[in-house]
Amino acid sequence: MKSLILLILGLLSFSIFAHSPIPNVILAIHGGTADTEEIPKNLEPEVIDGLFESLKAGYAVLKTKGSSLDAVEAAVKSLEDNPLFNAGKGAVFTSQGKNEMDASIMEGSTKKAGAVASVTQIKNPISAARAVMEKTRHVLLVGDGADQFAKAQGLKIVSPKYFYTDRRWKEWQKSKAKQNRSSQNSSPTAWNRHFSLGTVGSVALDIKNGLAAATSTGGLTDKMHGRVGDSPIIGAGTFADNETAAISCTGVGEYFIRYGIAREISSLIKYKQLNVVQAADTLIQNTLKPQNVEGGTIVLDPKGYLAFSYNAEGLPRGYVTQDGTAHLFVFDKEVVRLLK
Ligand code: ASP
């Protein structure tokens, strides 16, 4: 009897612990939901290194009293430059065999935001999103207009060929073959999520208690030409409000747009006083999972409490606490490294 009680108490405290917000966090990143087919064991160390580089870039900003906006841009840029992730260099292919990228950024103190969608020549779409926020009256620029704007702003422009990687090309070929065999290829959930992962995102809290969020993606493998997902849609894939949280999402974008996931998480914190874990789980576990929609999110509140919620096998992710310790995960195993 006594051991049964102890077991129950143990399980209870484990589940409370597992679902408690992580305290003292100043920076967090994700690399999109993933499974063991996409990230086999031998690739895990490279993914951990990629995540660590990104945290390093973001932390370098925060350590020198930089803004959360600069930190999330730096962290996401690093992931965009890494071919392992589905953003920037490692973007997936559309049904026409091209790469079309989406990105957005938002500042929690001003509620200013910027985004680009369906861009094809901007090396770092997240910087273009920031330029839209800071240099225009608009929030979202798309396609050729966004590419031209980035060029005029002096951002790095590359040939569309820059975004070619063998790995993503092969994934596209496989995905097409699978879709041909599938009888329900018109449904968004029928898209083969195994071959479309790696969207990246970051949330940060700076010394002035300012939050920021950023998300960048190549979208879903074999998406239609011109398809735009949730990542550049403020309130769907990205949101930041100093009163509630900074939020970056990953998953089947159509659902994140329809459910306004990022904004909804913020509203649950604001109007229902949920904590970050409860708010994130409400959308990812209670709303999307029952519909078989894969997704994940990272949520950081103004007191430095962080939640990760995902309903896939894994969410490659990492965070840094105030003392400069980096915590990295591909699946459940934690790797701890010091940033100082
Ligand atoms: N949310 C992204 C999109 O739908 C994809 C992803 O997160 O993997 O474009």
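The structure displayed is predicted, hence computed values, not measured ones.

## Describing the sheet that holds strand β10 (residues 306–310)
Here is step 1: Spatially, the four strands line up as an open sheet ordered β7-β8-β9-β10, and their pairing is antiparallel. Looking at which strands have only one partner, the edges of the open sheet turn out to be β7 (238–241) and β10. Neighbour to neighbour, the strand axes of the sheet diverge by 10 degrees on average, direction disregarded.
Here is step 2: As paired strands, β7 and strand β8 (residues 245–251) are joined by four bridges and run antiparallel to one another. Following the sheet pairing, Phe239 is matched in β8 by Ile247.
Here is step 3: Docked against the sheet, helix α9 (residues 276–288) engages β9 (295–300) and β10, running at close to 15 degrees with respect to β10.

## What about the pattern of salt bridges?
Opposite charge on two side chains makes pairing possible when the charged atoms of those side chains draw close.
Here is step 1: Within the structure shown, the criterion is met by 14 salt bridges.
Here is step 2: Between Arg168 and Glu38 there is a salt bridge; the shortest N-O distance is 3.4 Å. On the criterion of sequence distance, the pair formed by Arg168 in helix α6 (residues 166–181) and Glu38 in the loop between β1 (25–30) and α2 (44–63) is long-range, its members being 130 residues apart. Here the two residues Arg168 and Glu38 agree in accessibility, since each one is buried.

## Section: the side chain of Ser54
Here is step 1: Among the structural elements, Ser54 can be located in helix α2.
Here is step 2: You can call Ser54 buried: its relative accessible area is 0%.
Here is step 3: For Ser54, the contacting residues outside a window of four places in its chain are Ile29, Ala75, Ser78 and Leu79.

## Some details on the site of the ligand
Here is step 1: Close contacts around the ligand come from 12 residues, with Thr199, Arg227, Asp230, Thr250 and Gly251 the closest.
Here is step 2: With respect to the ligand, the backbone of Gly251 contributes an N or O atom lying 2.7 Å from a nitrogen atom.
Here is step 3: When the ligand sits alone it has 270 Å² of accessible area, and the protein chains cover 100% of it.

## Re the nonpolar core
Side chains of nonpolar character tend, in soluble globular proteins, to be buried together.
Here is step 1: Residues Leu27 and Ile105 are the most contacted members of the largest nonpolar core, which totals 53 residues.
Here is step 2: The biggest single contributor to this core is α2, with eight residues.
Here is step 3: Grouped together as the second largest cluster of nonpolar side chains are 41 residues, Ala28, Ala113, Val252 and Leu315 included.

## A short note on empty space enclosed by the protein
Here is step 1: Considering all chains together, one arrives at three cavities of 30 Å³ or more under this definition.
Here is step 2: In this model, the second largest cavity occupies a volume close to 80 Å³.
Here is step 3: Along the wall of the second largest cavity there are 14 residues; nearest its centre are Glu38, Ile39, Leu84, Phe85 and Arg167.

## Considerations on the sheet that holds strand β11 (residues 317–321)
Here is step 1: Pairing is mixed in the open sheet, where nine strands are placed in the order β4-β3-β2-β6-β5-β1-β11-β12-β13. Unpaired on one side and paired on the other, β4 (140–142) and β13 (334–338) mark the two borders of the sheet. Taken pair by pair, the neighbouring strands of this sheet meet at an average axis angle of 10 degrees, ignoring direction.
Here is step 2: Looking at chain direction, strand β3 (residues 113–119) and β4 are connected through three bridges and run parallel. Across the sheet, the residue bridging to Ala115 is Leu140, located in β4.
Here is step 3: With respect to the sheet, helix α3 (residues 68–80) is in contact with β1, β2 (101–107), β5 (200–205) and β6 (211–217), its orientation differing from that of β5 by roughly 155 degrees.

## Section: a nonpolar patch on the surface
Here is step 1: A surface patch of nonpolar side chains, amounting to about 230 Å² of accessible area, comprises Val139, Leu140 and Val142.
Here is step 2: Structurally, Leu140 is set in strand β4.
Here is step 3: We classify Leu140 as partly exposed; its relative accessible area is 36%.

## Quick word on the packing of aromatic side chains
Geometrically, a pair of aromatic rings is defined through the distance of the ring centres and the angle of the planes.
Here is step 1: Counting across every chain of the model gives eight aromatic pairs.
Here is step 2: Between the aromatic rings of Phe308 and Tyr319, the centroid separation amounts to 6.1 Å while the plane-to-plane angle is 45 degrees, which identifies the pairing as tilted. Of this pair, Phe308 sits in strand β10 while Tyr319 sits in strand β11, and the two are 11 residues apart along the sequence.
Here is step 3: Classification of Phe308 as buried rests on a relative accessible area of 17%.
Here is step 4: For Tyr319, a relative accessible area of 8% puts it in the buried group.

## A short note on α3
Here is step 1: With 13 residues, α3 should cover 18 Å at 1.5 Å per step; its first-to-last C-alpha distance of 18 Å lies within 8% of that length.
Here is step 2: Buried residues dominate α3, accounting for 11 of its 13 residues.
Here is step 3: Taken together, the buried positions of α3 are occupied by Ser68, Leu69, Ala71, Val72, Glu73, Ala74, Ala75, Val76, Ser78, Leu79 and Glu80.
Here is step 4: On the buried face of α3, the contacting elements are β1, α2, β2, α4 (125–135), β5 and β6.

Rules and cut-offs
- Residues numbered from 1 in each chain as written.
- Predicted model: local features only at pLDDT ≥ 70, side-chain atom pairs only at ≥ 80, totals over all residues.
- Heavy atoms only, no water.
- Pairing = 2+ DSSP bridges.
- Helix = DSSP H or I, 4+ residues; strand = E, 2+ residues; numbered from the N terminus.
- Axes fitted to C-alpha atoms, helices over the stretch in contact; angles between N-to-C directions.
- Contact = heavy atoms within 4.5 Å.
- Salt bridge = Lys/Arg side-chain N within 4 Å of Asp/Glu carboxyl O.
- Buried < 20%, exposed > 50% of the residue type's maximum accessible area, 1.4 Å probe, protein only.
- Near = heavy atom within 4 Å.
- Polar contact = N/O pair within 3.5 Å; in protein donor to acceptor, adjacent residues only side chain to side chain.
- Areas by Shrake-Rupley, 256 points an atom, 1.4 Å probe, with all protein chains shown as cover.
- Core = buried A, V, L, I, M, F, W, Y, C linked by side-chain atoms within 4.5 Å.
- 1 Å grid on protein atoms, 1.4 Å probe; cavity = no way out; pocket = protein on both sides within 12 Å on 5 of 7 lines; lining within 4 Å.
- Points joined across faces, edges and corners; volume = space filled by probe spheres on them.
- Patch = residues over 30% accessible without salt bridge, like charges linked within 9 Å, V, L, I, M, F, W, Y side chains within 5 Å.
- Phe/Tyr/Trp six-rings, centres within 6.5 Å; stacked < 30°, edge-to-face > 60°.
- Expected span 1.5 Å × (residues − 1).

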